[in-house]
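# Topology and contacts: notes
Below, each chain spelled out in residue letters.
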Amino acid sequence: MAFHVSLESYLIVSAALFVCGMYAVMTRRNAVWILMGIELILNSASLNFTAFSRYIEHQPGVDPAAGMVGSILIIILAAAEAAVALAILISIYRNFRTIETEDMQELKG
Amino acid sequence: MASPVFESHLIFLIPLIPGISAAILGLTWLFGTRLHKTTVKMVACGSVFISFLISAICTKALLQLPENERHLTQTLWTWFAAFGASPAERIHLPFSFEVDPLSATMILVVTGIGLLIHIYSTAYMADDDGFQKFFAYLNLFMFSMLILVLGANFLMMFIGWEGVGLCSYLLIGFWYKDLANARAAKKAFVVNRIGDFLFITGMLALFWGVGMQEGPHGGFFSMTFRDMREHLPSYIAAQENVRILGIPLITFCTLMFFGGATGKSAQIPLFVWLPDAMAGPTPVSALIHAATMVTSGLYMITRLNFLFSLAPDTLLVIGIIGALTALMAASIGLFQYDIKKVLAYSTVSQLGYMFLAMGAGAYTAGMFHVFTHAFFKALMFLGSGSVIHAMHHALPHGVDAQDMRNMGGLRKYMPVTFWTFMVGWVAICGIFPFAGFWSKDEILWKAVEHGMAGKPIWYAIYAIGLGGAALTAFYMTRQVVMVFFGEYRGKKIGEEYLAKHAHGDHGHGHDAHADDHHEEEAHELHDPEESPFAITFPLRTLAIGSAVVGLFGVGAWATHLTGIPNYWNAWLAPVIVSTAEVHHARTLVESDRLYAQHGDEHATDAAHGTPAAHPAAETLKREPAHHAPDKGHAKADAHAAASGDHGGGAHHAPWWLELGFAILSVAVAAASMRFAWTLYQNHPERPAAALKQYAPGGPKASSPGGVFYRWAYNKYYVDEIYEAGAIRPVGTLSRYLSLFDKYVVDGIVNGLGYALLVVRWIAGLIDKYIVDGVTFLGFAKFVAWFGQRIRSLQTGDLQGYLRWIGYGALATIGFYMLVISK
């Protein structure tokens, strides 16, 4: 008899993670903090994938690996995204001597 | 012994080398490079010299061939070709040159005398700014002239024909800054265009008429002279069957050709340009307007003699026009004071003699006069140039250096010019044994022969010719006396002029290389001086030529007395169509006609093989037996050929009769010279006094003499007649046409323009208010307004954007939850 965790529990954790990430992205002015918030959002999505995968894997016609693959894809994407984003941040820093987003409003209309 | 194949490969170089030289000198001039004068001299004279050498090589190669095979042909490429259904309809026109005795003679004259004149020009033009340009033109002329005489077909000849016309124009107008010179050039060009138009008309008519006729001799489309001659039956048939404007084809075409010749060779009615052409530099007058270009009409007639011999009517016209021109031009020459104008009218007159000979069918005699005339007339022109050159330096600017009244006594100052001019003088007057005697006498004798052959009009032509000879002797003597004998009048006239114009206004003579004189020089009077060696050398050479070249073509009486044969006639005999050849061709045409009529019954007509199967002309090769190699026979043939095919038989007149006529012409010339000498040398005041009496307003103005004087002095009003009869009507017509142009054509064009303006105005309104106002500007304004409204949304604030994303997401989810999933 395995310890059973319901789908809702996963989704609540995931939603909490998403809201934490969203909050960081919206409120922090430092681009690194924004990046960290994005990581949280991605992780919440990844958690959703895994959870849904676990709960639908025994139904007929469903590929049991599909959710896992989506999750792994997000992790790979997050790694690549982090590398590119950090490179952009360094470049921004070289140009502006800051990574505060409110100092970077050259394109405003 | 060199093989002729080698020489025939050289032919194209004869025109090409002067052509290259012209290109070098002309293009460098055009692009602003002024070559050193020595370079120009070397290139210009050198190219002509090489050309002369190659001509001599080709002529030598001709001489090594048997008499009937004397032709070298070089085909460079096919100019154009057209292919019809049958072999006869194929047209093939090669770009090819041909040297035969006739063209060999011409190229030797053109390059030989041309070379002397080039040398002469190096001194004559030495002070001219356009030195390089002059030689470029002169070489271009050599190029064109050599193409004219070497061309193996009609179109090649026509290229040269037009080319020499162009060079003539360029060189007459060489000092184009003087309006009179430019007008003279234009006149020469326009008058020549008329001739050229006739020429090309004849050419096309011939091509069309011969090719399109029905029957076994139709369908012959070649324009190559040698082919044409071998297809003589085609032309005979065309003469009988084809008519244009009611005139038999060949007669029509030859008349057109003669029309072309009257333009190029300055005969009535198109001679008016030649006296004006004296506006060009004197070497040009000598080369183009005396020795070479003006004889191209004669060359063309001789080249096409097989056609002209088929058209006796044309020949009669040529004879009459030639004789009249000879007399008329000579009579105008009597009253000219310009040293070059006298020679110009003399040239027209001498050309008249040549045409007279052509008219008599005496093509070789005519060409002989072309040959001798080239020597003595070039000599006299160059001599006059030498005189003008000296007078220019001797006289002040405002005094005409070409007016013979300002000369006199020059024999003391210019001995070489004087002596050489004397040779030219006796040569042109026809004094035994100088060149002009033999050639002119031969021509007059041919006229007499024709008269004796039962054509009495030729006695009249002979009489006119003899009268012209007397006039020639008179005006040439007058010129010689006025220029070289008596006292030098220039000094006195010059002093009077300077006294009158103490502050010297600067007019200048016609032949002005006056531009580069310095002002101080113009106020000093020099004695005339002998010209430099580059001028006297050609004079000496030509003087020797004028003295001896007549001996190439001595009269039959001289052959009889001394045994010297007439080399000239024998040399040109292969070129001239013989009586037997024409007769043979006629027989072929005749038998073909019989065959066509009775062909069915006599399928194998013994008289004529199989005429329908192959053109009959193919069987017509010039009879080898006719030109048998033994000397005496060939000579007789030459004589027969020279006297023409029609009328024939006349050449059996006894030698003593010919001698008698020769003595008569010498006597007439000598008497005329004596008379002129008496008038102008012994009693110089008499002609002036007499002319005063006969002049308009004088007591004898209305006597026949006065009328003659007035007419001749005014050149028979030919220019005025043209002015009134052609130029002014054409001008008036042009003015009316220009009115049409101005009011009708321009009205239509302008009306259309105004209509378009109105349309444009309306279109502008539409564009402005409808297109711009409603659509494009409307859109633009809306976009701008909207942009203004929403531009504040773009804050550049990253989190702000995220907020909008968030609102958007919430709105989407809310919409989904509240509306769609209900």
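Everything discussed here concerns the structure shown above.
Described below are features of the structure shown in this document. As the structure is a computational prediction, the values presented were derived from the model and not from experiment. (Residues numbered from 1 in each chain as written. Chains lettered and ligands numbered in written order. Predicted model: local features only at pLDDT ≥ 70, side-chain atom pairs only at ≥ 80, totals over all residues. Heavy atoms only, no water.)

What follows is about the overall build of chain A. If you tally the helices and strands in chain A, you get three helices and zero strands. In chain A, the succession of helices and strands from N to C terminus is α-α-α. Relative to the 2.2 N^0.38 estimate, which gives 13 Å for 109 residues, the radius of gyration of chain A is 18 Å and therefore markedly larger than a compact globule would have. With the principal axes as the frame, chain A shows a C-alpha extent of 60 × 30 × 25 Å. Counting all 109 residues of chain A, 24% fall into the buried class. Considering only contacts within chain A whose residues lie at least 6 apart along the sequence, 59% involve residues at least 24 apart. If the 6 positive side-chain charges of chain A are averaged to one point and the 9 negative ones to another, these points end up 10 Å apart. (Helix = DSSP H or I, 4+ residues; strand = E, 2+ residues; numbered from the N terminus. Rg over C-alpha atoms; globule rule 2.2 N^0.38 Å. Buried < 20%, exposed > 50% of the residue type's maximum accessible area, 1.4 Å probe, protein only. Contact = heavy atoms within 4.5 Å. Lys, Arg positive; Asp, Glu negative; His and termini not counted. Charge placed at Lys NZ, Arg CZ, Asp CG, Glu CD.)

With that settled, consider the packing of helix 19 (residues 415-429) of chain B against helix 21 (residues 457-484) of chain B. Residues and elements named next belong to chain B. Orientation of helix 19 relative to helix 21, taken along the N-to-C sense of each, is 170 degrees, at an axis distance of 9 Å. With respect to each other, helix 19 and helix 21 are oriented roughly antiparallel. Contact with helix 19, carried on its side by T417, F418, F421, M422, W425, I428 and C429, involves T472, A473, M476, T477, Q479, V480 and F484 of helix 21 and no other residues of that element. Class assignment of the residues belonging to the contact of helix 19 with helix 21 gives a composition of ten nonpolar, four polar and no charged. (Axes fitted to C-alpha atoms, helices over the stretch in contact; angles between N-to-C directions. Parallel < 35°, antiparallel > 145°, perpendicular 65-115°, else oblique. Nonpolar A, V, L, I, M, F, W, Y, C, P; charged D, E, K, R; others polar.)

To continue, consider the pairing of strand 2 (residues 91-99) of chain B. Residues and elements named next belong to chain B. Most of strand 2 sits out of view: seven of its nine residues are buried. Looking at chain direction, strand 1 (residues 72-82) and strand 2 are connected through nine bridges and run antiparallel. Considered in strand 2, the bridge of A81 is made with H92. (Pairing = 2+ DSSP bridges.)

A separate point is the environment of S55 of chain B. All names here are of chain B. Residue placement: S55 occurs in helix 3 (residues 37-64). Using a relative accessible area of 0% as the deciding quantity, one classes S55 as buried. Among residues more than four places away in sequence, those in contact with S55 are I14, I107, L108 and T111.

Residues and elements named next belong to chain B. Membership of the largest hydrophobic core comes to 215 residues, with the highest contact counts inside it found for F154, L206, M228, F257 and L304. Looking at this core, the element that brings in the most residues is helix 17 (residues 363-394), giving 18 residues. Among all residues touching F257, those that are not within four sequence positions of it are F154, F199, G202, M203, L206, M300, L304, L307 and F308. By size, the runner-up hydrophobic cluster in this structure holds 18 residues, among which are A326, A360, A447 and L466. (Core = buried A, V, L, I, M, F, W, Y, C linked by side-chain atoms within 4.5 Å.)

Below, the discussion takes up the interface of chain B and chain A. Listed per partner, the contact involves ten residues of chain B and eleven residues of chain A. Roughly 920 Å² is buried in total at the junction of chain B and chain A, and carbon and sulfur atoms are behind 53% of that figure. Three residues, Q794, Q799 and L802 of chain B, lead the burial of chain B against chain A; their summed loss comes to 48% of the area buried on that side. At the boundary of chain B with chain A, the tally comes to zero salt bridges. Counting across the interface, chain B meets chain A through four residue pairs in polar contact (both at pLDDT 80 or more). Across the side of chain B that touches chain A, the residue classes tally to two nonpolar, five polar and three charged. (Buried area = accessible area lost by both parts, 1.4 Å probe. Salt bridge = Lys/Arg side-chain N within 4 Å of Asp/Glu carboxyl O. Polar contact = N/O pair within 3.5 Å; in protein donor to acceptor, adjacent residues only side chain to side chain.)

All names here are of chain B. Their axes nearest at 11 Å, the elements helix 6 (residues 154-172) and helix 12 (residues 282-291) cross at an angle of 155 degrees. Relative to helix 12, the element helix 6 is oriented roughly antiparallel. Read as a crossing pair, helix 6 and helix 12 show a hand that is left-handed. Judged by residue contacts, S168, L171 and I172 of helix 6 engage V284, I288 and H289 from helix 12. Class assignment of the residues belonging to the contact of helix 6 with helix 12 gives a composition of four nonpolar, two polar and no charged. (Left-handed = near helix turned anticlockwise from the far one by under 90°.)

Below, the discussion takes up the packing of aromatic side chains. Residues and elements named next belong to chain B. Tallied over the entire structure, the rule returns 42 aromatic pairs over all chains. Ring plane angle 65 degrees and centroid distance 5.4 Å describe the contact between F154 and F225, whose orientation is recorded as edge-to-face. Separated by 71 residues along the polypeptide, F154 in helix 6 and F225 in helix 8 (residues 225-230) bring together distant segments of the chain. Here the two residues F154 and F225 agree in accessibility, since each one is buried. Aromatic rings pair up to connect F131, F134, F135, Y137, F174 and W175 into one cluster. The ring of W29 has R34 sitting right over it, with the charged end atom 3.7 Å from the ring centre. (Phe/Tyr/Trp six-rings, centres within 6.5 Å; stacked < 30°, edge-to-face > 60°. Lys NZ or Arg CZ within 6 Å of the ring centre and 35° of its normal.)

Moving on, we come to empty space enclosed by the protein. All names here are of chain B. One pass over the structure, following the stated rule, counts seven cavities of 30 Å³ or more. Estimates place the volume of the largest cavity at around 220 Å³. As for the largest cavity, its lining consists of 17 residues, of which E98, D100, R226, R229 and R303 are closest to the centre. Counting residues per element, the ones that place at least two in the lining of the largest cavity are helix 8 and helix 14 (305-308). Here the element with the most residues in the lining of the largest cavity is helix 8; it accounts for three residues. A class-by-class count of the residues in the lining of the largest cavity yields six nonpolar, three polar and eight charged. (1 Å grid on protein atoms, 1.4 Å probe; cavity = no way out; pocket = protein on both sides within 12 Å on 5 of 7 lines; lining within 4 Å. Points joined across faces, edges and corners; volume = space filled by probe spheres on them.)

Moving on, we get to helix 27 (residues 579-598) of chain B. All names here are of chain B. With 20 residues, helix 27 extends 28 Å from end C-alpha to end C-alpha; this agrees with the ideal 28 Å at 1.5 Å per step. Of all the residues in helix 27, the buried ones are E581, V582, A585, L588, V589, S591, D592 and Y595. Along its buried surface, helix 27 packs onto helix 8 and helix 9 (232-241). (Expected span 1.5 Å × (residues − 1).)

Any two side chains of opposite charge can pair if their charged atoms end up close together. Residue and element names in this part refer to chain B. Within this structure, the stated rule accounts for twelve salt bridges over all chains. Measuring nitrogen to oxygen at the nearest pair gives 2.9 Å for the salt bridge that ties E98 to R226. Taken together, the residues E98 in strand 2 and R226 in helix 8 connect sequence positions 128 residues apart. Take E98: its relative accessible area is 8%, and that puts it in the buried class. R593 serves as the salt-bridge partner of E240, at 2.6 Å between the closest nitrogen and oxygen. Of this pair, E240 sits in helix 9 while R593 sits in helix 27, and the two are 353 residues apart along the sequence. The exposure class of R593 is partly exposed, given its relative accessible area of 33%. Bridged by salt links that share partners, the residues E162, R193 and D196 form one connected network.

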